[in-house]
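Chain residues, written in single-letter form:
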Amino acid sequence: MNWGTELWDQYDNLAAHTHKGIEFLDKYGNFVKERCAIELEYAGKLRRLVKNYQPKRKEEDEYQYTPCKAFKMLLQELGDFAGQREVVAENLQSNVVRELHLLAKELREERKQHLNEGAKQMAVLSTAAGALERARRAYERAARESERALEAFQRADADFNLSRAEVEKQKTNMKLRSQACEDAKQEYMDQLKKTNEAQRQHYEQRLPHVFKQLQDLDEKRIKQIKNFMLSSVDVERKVFPIIMQCLEGMEHAANSINEKEDTQLVIERYKSGFLPPEDYRFEAASGADATDSAPAHPTHNHLTAARGTVSGNRIKKRGGLLSIFSSNKNNMSMDGKEDYSDLPPNQKKKKLQAKVVELNKQVAQEQAAMEGLMKMKGVYETNPTLGDPMTVEGQLNECCDKLKKLKDQLRKYEVLLAEANNQVCAPTLHPVARTNGAAPNQATSIGSNSESLSRSASESSVSTGGCAGAGNAGGSRAAGGSPESGLGGELAAAHAEHADNNEHDENDEHCDHESDFDYYYEPDLQPLGYCKALYAFEANGTGSTMRMECGERLLVLETDAGDGWTRVRRSHTREEGFVPTTYISTTLYSDAHVH
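Note that the structure is a prediction, hence the values are computed from the model and not measured.

Analysis parameters
Residues numbered from 1 in each chain as written. Predicted model: local features only at pLDDT ≥ 70, side-chain atom pairs only at ≥ 80, totals over all residues. Heavy atoms only, no water. Helix = DSSP H or I, 4+ residues; strand = E, 2+ residues; numbered from the N terminus. Areas by Shrake-Rupley, 256 points an atom, 1.4 Å probe, with all protein chains shown as cover. Axes fitted to C-alpha atoms, helices over the stretch in contact; angles between N-to-C directions. Parallel < 35°, antiparallel > 145°, perpendicular 65-115°, else oblique. Nonpolar A, V, L, I, M, F, W, Y, C, P; charged D, E, K, R; others polar. Buried < 20%, exposed > 50% of the residue type's maximum accessible area, 1.4 Å probe, protein only. Salt bridge = Lys/Arg side-chain N within 4 Å of Asp/Glu carboxyl O. Core = buried A, V, L, I, M, F, W, Y, C linked by side-chain atoms within 4.5 Å. Contact = heavy atoms within 4.5 Å. Pairing = 2+ DSSP bridges. Phe/Tyr/Trp six-rings, centres within 6.5 Å; stacked < 30°, edge-to-face > 60°. Lys NZ or Arg CZ within 6 Å of the ring centre and 35° of its normal.

**Student:** I keep staring at the overall build of the protein and nothing clicks. Help me out?
**Tutor:** Within the protein, the regular secondary structure consists of 13 helices and 5 strands. When the accessible surface of the protein is totalled, it reaches about 35,600 Å², and 52% of it is carbon and sulfur.

Shown next, in the form of structure tokens:
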């Protein structure tokens, strides 16, 4: 298929066709350009949408629930999705629009050159045809004049009235015209040969060459449009895996929503730790005088019920424990809400746990800084050329003061946390045991009043008693961490440090201090149920955890308080300790009601 052969006479149509082809190329380029603008606008609107729905600072507490977390993850994936649409637009702009614009410019220049060459060849052919036409006309004119001269000679020769000279004149004119006609004929024949040769070369070589170049140009345009379309598809195909990852991330975010987890989270967030009010007691009417003289029955509410779980003596003793630190002038004031006393017991415990963890981190940081300064001072003392040891003395003193204040705060909040644990972990009676106006059945309670102490106290009672065991009061669980967290060790160290600092004041008040600390003493706990070990667990050697074998059956003494550990006991050895809650399957007794 060759335009020069098949379309030898369609020069004007081919010129118009190639012009329309380049115009279509421009049209496709404008389409891709507008699509890039739409992709960028779409990505921009998606980013604005994601930004508008990002959680505000005041909404951060609400975003702990799984639907809110999933929505936040979805927004992040949607932002990445918008980024991929921007990548599509950028790649289309650089790989398609720009190249297409350059191609259209190049094709226009090539088409112009080819059309100019074709016009030149057409002009050559037209010149040859014009020369032929002029030669033909000259020959026809000469032939007519030769015929007229011949006719004039014949008339003169037949006319006997004319002189011989006149006849010779007509004969000479006839010969001249006849020779001019022969010359014009020869010139016409020569020009005809030249014009035919030019026309043959024009339609067989020159114009087909121009048409072939126009054909190549048009095929190149069509092929490039195909390549640009494939390139556009390839640009989007390359980002498709990332878009699929974004969609899979959105799907994962949706599947991460857990209604049971949110339900438990609502309980942990809003649980006050108060106990339900006691039943109203029946009051017998015995007359006006007796009624007036009888003391009014106190109104029961959740506050009095919560306070009623600990005896008055123990509340008083707790005050004695707090008084240990009240004389420290470095302690911050307890006025206002610094001790979280305005919060319900359970919320207070969570706040205190967070505060203890934060203070422990600060203490660790200050201790590390102090060790670094001590090493620096030692290096300076060993090699004075490196620096003056006295330059770090002021920093050491400042670090020591700050560390002392932090430890004082830590001890204060650990004591408050231990007290909060005692309030939150106090057991209540099973609701079935209550009757209208009747005293609760003691047989249905989980344990006696001595068994209503916190798990922090129960841990310390395993190996301590009296004043000697006071240094371990609180235990590692008092801080709300795992048995390995070491917070109990900090509390014990704090008590021991304070005991050493005030040893000369305790000689005459030994029994008073003992009465303060025995608030944390706890006898054996009654089992709340039993559990079966799903996996084997090795103790860490600190004494707070307990080893167990897979499939082993243990007694449950304390349920998980939210820190991931459950206190258990071996029935045959009476060994007690903590094991991971996720490693066991727990079954509580039907008459147990644990808060």
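**Student:** Just to check I follow, could you spell out the packing of helix H3 (residues 66-158) against helix H4 (residues 164-255) for this structure?
**Tutor:** Helix packing for two helices is described by the angle between their axes and how far apart those axes are. Relative orientation of the contacting elements H3 and H4 amounts to 175 degrees, with a least axis distance of 7 Å. On the basis of the axis angle, H3 is roughly antiparallel to H4. Partitioned by chemical class, the residues of the contact of H3 with H4 number 52 nonpolar, 21 polar and 19 charged.

**Student:** Explain the environment of Gly 551 here, please?
**Tutor:** Within the secondary structure layout, Gly 551 lies in the loop between strand S1 (529-533) and strand S2 (553-558). On the basis of relative accessibility, which here comes to 39%, the residue Gly 551 falls in the partly exposed class. Sequence spacing of Gly 551 and Leu 534 is 17 residues, and the spatial spacing of their C-alpha atoms is 5.9 Å.

**Student:** I'm lost on the pattern of salt bridges in this one. Help?
**Tutor:** When charged atoms on two side chains of opposite charge get close, those side chains can pair. The final tally for this structure, using the stated rule, is 26 salt bridges. A salt bridge links Glu 133 to Arg 137; the shortest N-O distance between them is 3.1 Å. Taken together, the residues Glu 133 and Arg 137, both in helix H3 and 4 residues apart, mark about one turn of the helix. Glu 133 gets classed as partly exposed once you look at its relative accessible area, which sits at 26%. Each member of the salt-bridge network shares a partner with another, and the members are Arg 35, Glu 39, Arg 85 and Glu 236.

**Student:** Would you take a moment to explain unusual backbone geometry for this structure?
**Tutor:** Leaving glycine aside, a negative phi is the common case for residues, and trans is the common case for peptide bonds. In this structure, Arg 574 is a non-glycine residue whose phi angle is positive, near 65 degrees. Residue classification places Arg 574 among the partly exposed positions, given a relative accessible area of 46%.

**Student:** How should I be thinking about the nonpolar core in this particular structure?
**Tutor:** Where a protein is soluble and globular, its nonpolar side chains tend to be buried together. If you look at the biggest cluster of nonpolar residues, it comprises 29 residues, and the most contacted ones within it are Leu 25, Val 32 and Leu 92. Counting residues per element, the ones that place at least two in this core are helix H2 (11-52), H3 and H4. Of all the elements, H3 adds the most residues to this core, at 13 residues. Setting aside chain neighbours within four positions, we find Leu 25 in contact with Leu 100, Leu 103, Ala 104, Leu 107, Arg 221 and Ile 225. Counting 16 residues, the second largest nonpolar core, distinct from the first, contains Tyr 340, Leu 373, Leu 396 and Leu 417.

**Student:** What's the story with the pairing of S1 in this structure? I'm lost.
**Tutor:** For a regular strand, side chains alternate in direction, first toward one face of the sheet and then toward the other. Side chains Gly 529, Cys 531 and Ala 533 of S1 all project onto a buried face; the interleaved residues Tyr 530 and Lys 532 project onto a face where none is buried. Bridging between S1 and S2 involves 4 bridges; their strand directions are antiparallel. Directly across from Cys 531, in S2, lies its bridge partner Leu 554. In terms of strand pairing, S1 meets strand S5 (residues 584-588) through 5 bridges, oriented antiparallel. Note on S5: the bridge partner recorded for Tyr 530 is Thr 587.

**Student:** Can you help me understand the packing of aromatic side chains in this one?
**Tutor:** In this description, a pair of aromatic rings is defined by centroid distance and the angle of the planes. Enumeration according to the criterion identifies 9 aromatic pairs in this entry. Plain terms: the ring middles of Tyr 139 and Tyr 188 are 5.8 Å apart, the flat faces sit at 0 degrees to each other, and that makes the pair stacked. You can see Tyr 139 sitting in helix H3 and its partner Tyr 188 sitting in helix H4, a full 49 residues away along the chain. Judged by centre distance (6.1 Å) and plane angle (65 degrees), the rings of Phe 537 and Trp 565 are edge-to-face. Highlighted residues: Phe 537 in the loop between S1 and S2 and Trp 565 in strand S3 (residues 565-569), separated in sequence by 28 residues. Side by side, Phe 537 and Trp 565 carry an identical accessibility label, which is buried. Among the aromatic side chains, those forming a connected cluster through ring pairs are Tyr 535, Phe 537, Trp 565 and Tyr 583. Note that Arg 553 overlies the ring of Tyr 530, its terminal NZ or CZ placed 3.8 Å from the centroid.

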